[in-house]
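Read off the chains here:
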Amino acid sequence: MLPNKVRVVEVGPRDGLQNEKTPLDAADKIELIHALADAGVTTIESGSFVNPKWVPQMASSEEVFQGIQRKSGVTYSALTPNLKGFERALAVKADEVAVFAAASEAFAQKNTNCSIAESIERFVPVMEAAKAANMPVRGYISCIVGCPYEGDIAPQKVLEVTKTLLDMGCYEVSLGDTIGVGTAASCQRLLEVLGAEIPMEKLAVHYHDTYGQALANILKSLEMGVATVDSSVAGLGGCPYAKGASGNVATEDVIYLLNGLGIEHGIDLDKLIDAGNAISNRLNRPNNSRVANAITAK
Ligand code: HMG
Ligand code: MG
C-alpha cells in the first residue's frame, strides 16, 4: 500500500554540489537553499563538514550555514564524518547532522579512508555529542546494492550496518544506491530483508539515477512502505568516489511522480523547477530533470 504522505529530503546543495566541477561561492549556494525552502522543501541538506582537501566544493559550508536566512519549519542538515565535523556543524547551528557509512569495505576505504568498523567507531563520539546537544542524527549507507569496486552487495551486509546505525541512535537510515545500479527487483529484495527486522518508518531511500532506474525503484519502495525519499533538484551531482555515478534522482521528477500518485508532499513544483533551472544556469550545465525540461519547454 502506498503512503498518504512522503517526506522529501533535498540533498542537492550537498550531494549535488559536492561533485559539480564549476566552483560556486557561498552566495550561490545560499540562493539555492532559499529557493528550495521557498518552494516548500522542509529538509535541506545544506552542506558537509568533511576534510576540505577531500571535497573542496564543500569548504564553504560554514559560510553557507551562517548566511542562510532560516525559514521556520525547515530543517537545515549537514554531513559529518567524525567529531571534528560535528563540532563544525554545531558551531554554525546545523539543525541536524548525518553520519555516513558503507555496506562495502572497498568503498568505505575510498570514501572515508577507513574500514566500515572504523567509520562506525568514529561515529560513537559524534552520537554522544549530538545527544548532549539534542541534535538528531541521520545515518547513511552507501553501496546498498552494488559497489564500483566490489560488485554486488549482499542485503545481509546492509541489514547489519543499518541495525548498527539505528542501535547507535540514528533516528533513520538512508539507503544509498550510490552508483544507481539497483532495479525494482534488487531494491525489493533488499527491502524485504531489512523490513523483516526494521520498521519501514526508520528507512529512507536515496537513489542515484545512473541507469535510469531511480523512479521505478522509488515506486517499488513506496509500495513496500517507505515514506522518505532523498533527491536532488535538477538531478545535481554524482559521487567523487564512484566513477561514472550520475546525480541523485531529480526532485522535480519525484514530485511529478508523487503528484500522479496523489501523495502529499508540500512542494510547489513550479517554484522547484525555477530553483533547478537557476542553479543549472549558474553551473552552466543542462538541467537533468526530465520533468523540469518538459515543463520549461511548454
Ligand atoms: P583522514 O585523512 O583519514 O582523516 O580522513 P584524519 O583523521 O587522519 O585527518 C587528516 C586531516 O583531515 C587532518 O588535517 C584533520 O584535521 C582533517 P591535517 O592535520 O592534515 O591538516 N580532518 C578534517 N578537517 C575538517 N573537517 C573534518 C575533518 N576530519 C579530519 N571533519 C575523513 C577522514 C572522513 C575526514 C575524510 O576521508 C573525508 O573528509 N572524507 C569525506 C568524503 C566525502 O565527503 N564523501 C562524500 C560524502 S558521502 C556520499 O556522498 C554518499 C551519500 O550521498 C550516500 C550515497 O549516495 O551513497 C551520503
Ligand atoms: Mg548520494
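Throughout what follows, the structure given in this document is the object of discussion. (Residues numbered from 1 in each chain as written. Chains lettered and ligands numbered in written order. Predicted model: local features only at pLDDT ≥ 70, side-chain atom pairs only at ≥ 80, totals over all residues.)

**A word on the site of ligand 1**
Stage number 1. Around ligand 1 sit 24 residues, and of these Val50, Asn51, Gly85, Ser142 and Gly176 come closest.
Stage number 2. Among the elements that make up the shell around ligand 1, the one with the highest residue count is helix H4 (residues 83-91) (3 residues).
Stage number 3. For the shell around ligand 1, the class distribution of residues is 9 nonpolar, 12 polar and 3 charged. (Near = placed C-beta within 6 Å. Helix = DSSP H or I, 4+ residues; strand = E, 2+ residues; numbered from the N terminus. Nonpolar A, V, L, I, M, F, W, Y, C, P; charged D, E, K, R; others polar.)

**A look at the environment of His265**
Stage number 1. Relative to the helices and strands, His265 resides in the loop between helix H10 (251-261) and helix H11 (269-283).
Stage number 2. Residues His265 and Ala216, spaced 49 residues apart in sequence, show a C-alpha to C-alpha distance of 18 Å.
Stage number 3. When near neighbours in sequence (up to four residues on either side) are disregarded, His265 contacts Val6, Val8, Ile255 and Leu258. (Contact = placed C-beta atoms within 7 Å.)

**With respect to helix H7 (residues 155-168)**
Stage number 1. Over its 14 residues, H7 extends 20 Å from the first C-alpha to the last, a length consistent with the 20 Å expected when each residue adds 1.5 Å.
Stage number 2. Turning to H7, its buried residues are Val158, Val161, Thr162 and Leu165. All buried residues of H7 lie within an arc of 105° about the axis, which places them on one face of the element. For H7, the exposed residues lying more than 90 degrees away from the buried face are Gln156 and Asp167.
Stage number 3. Its buried side turned inward, H7 meets strand E4 (96-102), helix H6 (116-132), strand E5 (137-142), strand E8 (172-177) and helix H8 (184-195). (Expected span 1.5 Å × (residues − 1). Buried ≥ 20, exposed ≤ 12 C-beta atoms within 10 Å, placed from the backbone. Arc of directions from axis to C-beta.)

**Section: the nonpolar core**
Stage number 1. In terms of nonpolar packing, the biggest core is built from 84 residues, with Leu36, Ala101, Ile141, Ile144, Val158 and Ile218 touching the most fellow members.
Stage number 2. Residue contributions to this core peak at 6 residues, all from E4. (Core = buried A, V, L, I, M, F, W, Y, C linked by C-beta atoms within 7 Å.)

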